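One-letter residues, chain by chain:
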Amino acid sequence: MGINGGTTTKRGGAKQDFLPEESFQSWPNYLNALREIPSRFIHQVKNRSLEETELNEVRARSQHEMKRTLTWWDLIWLGVGAVIGSGIFVLTGLETREAAGPAVIASYVVSGVSAMLTVFCYTEFAVEIPVAGGSFAYLRVELGDFIAFIAAGNIALECVIGGAAVARSWTSYFATLCNHQPDDFRIIVSKFSANYNHLDPTAVGVIAIICVLATLSTKGSSRFNYLASIVHVVVILFVIIAGLTKADTKNYTPFAPFGVRGIFKASAVLFFAYLGFDAVATMAEETKNPGRDIPIGLVGSMIIAAFSYCLMALTLCLMQPYYQVDPNAPFSVAFEKVGMGWAKYIVAAGALKGMTTVLLVGSISQARYLTHIARTHMLPPWLAYVNERTGTPVNATVVMMCGTAVIAFFTSLNVLSNLLSISTLFIFMLVALGLMVRRYYVTGVTTSNDKNKLIACIGFIIGSSIATAIYWGLGGNEWIGYVITVPIWFIATLALQLLVPQARKPKIWGVPFVPWVPSASILINMFLLSSIEKDSFIRFGVWSALLLVYYVFIGLHASYDTVMASMKEKKSATSAKKLSEVEQGVTLSTLNDVD
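Given the structure is predicted, the values throughout are model-derived calculations rather than measurements. Each chain has its residues counted from 1, running along the sequence as written. Confidence filtering applies because this is a predicted model: local features only for residues at pLDDT of at least 70, side-chain atom pairs given and counted only at 80 or more, and all residues used for totals across whole chains, interfaces and linings. To get the side-chain values, take all heavy atoms of the structure and skip hydrogens and water.

(A) Main features of the packing of aromatic side chains. To pair, rings of Phe, Tyr and Trp, with the six-membered ring standing in for Trp, must have centres within 6.5 Å; the planes then decide the type, stacked if under 30 degrees apart, edge-to-face if over 60, and tilted in the middle. What the rule picks out here adds up to 32 aromatic pairs. Here the aromatic rings of Tyr122 and Tyr138 are separated by 6.1 Å at their centres, their planes lie at 75 degrees, and the arrangement is edge-to-face. You can see Tyr122 sitting in helix H7 (residues 104-128) and its partner Tyr138 sitting in helix H8 (residues 135-142), a full 16 residues away along the chain. Residue burial is assigned from relative accessible area. The probe radius is 1.4 Å, only protein chains are included, and a residue is buried under 20% of its type maximum, exposed over 50%, and partly exposed in between. Of the residues examined, Tyr122 reaches a relative accessible area of 1% and is grouped as buried. The helix count covers DSSP runs of H or I at least four residues long, the strand count covers runs of E at least two residues long, and both are numbered beginning at the N terminus.

What follows is the structure, encoded as structure tokens:
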């Protein structure tokens, strides 16, 4: 069935599965839709979904319910499995050698603080709106359809690039385990450009296996991840304990050879290492008790990850000088250099296990993002189908993993990690902004005066954050710039707290210290963005332009038609209900007259 039926078709290849909306049923309809682009665009920018719509009507478009089988224990281990992977085992070496030196531990602290602030924002949303769409659903409710679509495009980019980066890292550690160089398992094509000429069929094979596992069962995947994560924790403890027996404090001098700028530059890239916690938020729809389990799962897994990262980074830099750290397999090579060659096999096996669970949990969360986006018809509704037997979104999983495989086959890790960080930091900034809007603005409750003050405060918070980031990005080392921008951010946040009353209190679990937590998240995420290289912003700009083209010609009309059809359905249902009440009243009146 199409949008008129309020559901989504199964697995067929008919047009109705991909473009069932009224605008795409004929060329005259489509041309008419193109003429209405301005009015439709304005409508969608202003249109904000309701929580009840996301929880009931939108979710029902998948035909079958996802199975509620997960507990807080599952979520903690899913979080650990999703987060601790190639970031620590690969990017630590790259950023230690080229950006931060031993101060990479400070880089992990900075990016960890930013991630934790974002975790708090995600947690309140996941508890209040427990659906598979994660940040896309949250932004659709608070910031409207258009902003949600921009976020959706970047979520898709984040999912594909994140999986591709991990898959290529998997090849590197597999090569170490086999006593080979990573390029021994890759196909070198000299005619291709430098960052795209190391073709990786091993990564594609790993992704294919993960895709099969992810489509079979969420609970089964959770059990596999739980057992594998225990092994992973044991390996991490081994790395820390065995590595510290070979520690030499002289290797920590100089501590920050690349200066403070190097620490923040590394932080922007190492933020990639904390990715995955949003995967837990997408599983809220499959959690038995979201109000209790989501906060424990999200915060608990992030604390475990942050401590593990800092201790492992400390260990690595004590084992050898930063300029000798291997950028591809840092821990394995470090053990080999200190005379513990046998240990590199344990490290490589642990890294492979970690990357495998990151890919598995990532594929599960990616598919749920895609499923909920397709439920709104911003993507073809065929992707929203949930298999009745497995309770998993099979179509979305296969499509997302195919995209991941293509990117992993061609693209080098450094290109992937920088582009991923931009996309992710942008989304996290929007989620923090969405939380402030959620707390301080409710239609019909917030007065016009308070609304204007809210807009002004948020404007100054974002403006001062951007100014701080630009000043740093342009090489501003003088303190005078920060003395201007940071106090503006502080005063704007304080004004929001003192002058604008909160219009909504959380029903179950709320972020503490609002507006300071989301405001700080915006500032830090913006600041980290300024440390990413120019070429990555160019790629991000090209992707954003492609998103806008898709939205103008397809996404806008599909989502607009779906909203209009939903409103028409609701009006018909209301009219039918009123008519039924009138008929019942007439019947009772007639019976009374007879009596």
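Right, picking up where we left off after that structure.
(B) Spatial organisation of the confidence of the model for the protein chain. The pLDDT value expresses, per residue, how confident the predictor is, ranging between 0 and 100. On average, residues of the protein chain score 83 in pLDDT, and 88% of them are at 70 or above. Contacts between residues were defined by any pair of non-hydrogen atoms, one from each residue, lying within 4.5 Å. Between residues 1-13, whose pLDDT stays under 50, and residues either more than four places distant or in other chains, the model counts 46 contacts.

(C) Molecular detail of the packing of H8 against helix H9 (residues 145-177). Helix axes are fitted to C-alpha atoms over the stretch in contact, other axes to C-alpha atoms as well, and angles between N-to-C directions run from 0 to 180 degrees. Two elements in contact, H8 and H9, have axes whose closest approach is 7 Å; the angle formed by their N-to-C orientations is 165 degrees. As summarised for this structure, H8 and H9 are arranged roughly antiparallel, according to the angle between their axes. Read as a crossing pair, H8 and H9 show a hand that is right-handed. Contact with H8, carried on its side by Ser135, Phe136, Leu139 and Arg140, involves Asp145, Ala148, Phe149, Ala151, Ala152 and Ile155 of H9 and no other residues of that element. When grouped by side-chain class, the residues that make up the contact of H8 with H9 number seven nonpolar, one polar and two charged. By definition in this entry, angles of less than 35 degrees are roughly parallel, angles greater than 145 are roughly antiparallel, angles of 65 to 115 are roughly perpendicular, and the rest are oblique. Note: crossing handedness is left-handed where the near helix turns anticlockwise from the far helix by less than a right angle, and right-handed where it turns clockwise. Polar here means any residue other than Ala, Val, Leu, Ile, Met, Phe, Trp, Tyr, Cys and Pro, which are nonpolar, and Asp, Glu, Lys and Arg, which are charged; Gly is therefore polar.

(D) Molecular detail of the side chain of Ser169. Residue position: Ser169 is located in helix H9. In protein, a polar contact requires one atom able to donate a hydrogen and another able to accept it; more generally it is a pair of N or O atoms within 3.5 Å, and residues adjacent in sequence count only if both atoms are side-chain atoms. At a separation of 2.9 Å, a polar atom in the side chain of Ser169 contacts the main-chain carbonyl oxygen of Ala165.

(E) Layout of unusual backbone geometry. Pro254 follows Thr253 through a cis peptide bond whose omega is 0 degrees. Within the secondary structure, Pro254 is located in the loop between helix H11 (218-244) and helix H12 (259-270). Backbone geometry at Asn179 places phi at a positive 60 degrees, although glycine is not the residue there. By the secondary structure assignment, Asn179 is in the loop between H9 and strand S1 (187-188).

(F) Molecular detail of the pattern of salt bridges. Salt bridge, as applied in this entry: a Lys or Arg side-chain nitrogen positioned within 4 Å of an Asp or Glu carboxyl oxygen. Within the structure shown, the criterion is met by 13 salt bridges. Across the pair Arg40 and Glu36 runs a salt bridge, and its minimum N-O distance is 3.1 Å. The salt bridge partner of Glu128 is Arg438, with a shortest N-O separation of 3.3 Å. In this pair, Glu128 is assigned in helix H7 and Arg438 in helix H18 (residues 413-440), connecting sequence segments 310 residues apart. Classification of Glu128 by relative accessible area gives buried; the value is 7%.

(G) Structural detail: the nonpolar core. Judged by nonpolar contacts, the single largest core of 160 residues is most densely connected at Phe89, Tyr108, Tyr122, Tyr173, Phe277 and Phe331. Ranked by residue count, the leading element in this core is helix H16 (residues 343-375), at 16 residues. Those residues within four positions of Phe277 in sequence are excluded, and the remaining contacts are Val83, Ala115, Thr118, Val119, Tyr122, Leu298, Met302 and Phe428. We define a nonpolar core as any set of buried Ala, Val, Leu, Ile, Met, Phe, Trp, Tyr and Cys residues linked to one another through side-chain atoms lying within 4.5 Å.

(H) Structural context of helix H10 (residues 201-216). Expected helix span is computed as 1.5 Å times (number of residues minus one). Between the first and last C-alpha of H10 there are 24 Å, a value that for 16 residues agrees with the 22 Å anticipated at 1.5 Å per step. Residues of H10 that are buried include every one of Thr202, Ala203, Val206, Ile207, Ile210, Cys211, Ala214 and Thr215, and no others.

(I) View of the packing of helix H2 (residues 27-35) against helix H3 (residues 37-46). Put simply, H2 and H3 touch, their axes get as near as 5 Å, and they point 70 degrees apart. Taken together, the axis directions place H2 and H3 in an arrangement best described as roughly perpendicular. Residues Ala33, Leu34 and Arg35 of H2 touch H3, and the partners they reach there are Ile37, Pro38 and Arg40. Classifying every residue of the contact of H2 with H3 gives four nonpolar, no polar and two charged.

(J) Molecular detail of the side chain of Thr562. Along the chain, the position of Thr562 falls in helix H22 (residues 534-594). Of note is the side chain of Thr562, whose polar atom sits 3.3 Å from the side chain of His377. Within the structure, Thr562 has its side chain in polar contact with the backbone oxygen of Ala558 (distance 2.7 Å).

(K) Spatial organisation of the environment of Glu98. Along the chain, the position of Glu98 falls in helix H6 (residues 86-100). Taking the relative accessible area as the measure of exposure, Glu98 reaches 52% and is therefore exposed. Taking the C-alpha atoms as reference, Glu98 lies 8.7 Å from Ala266; in sequence the two are 168 residues apart.

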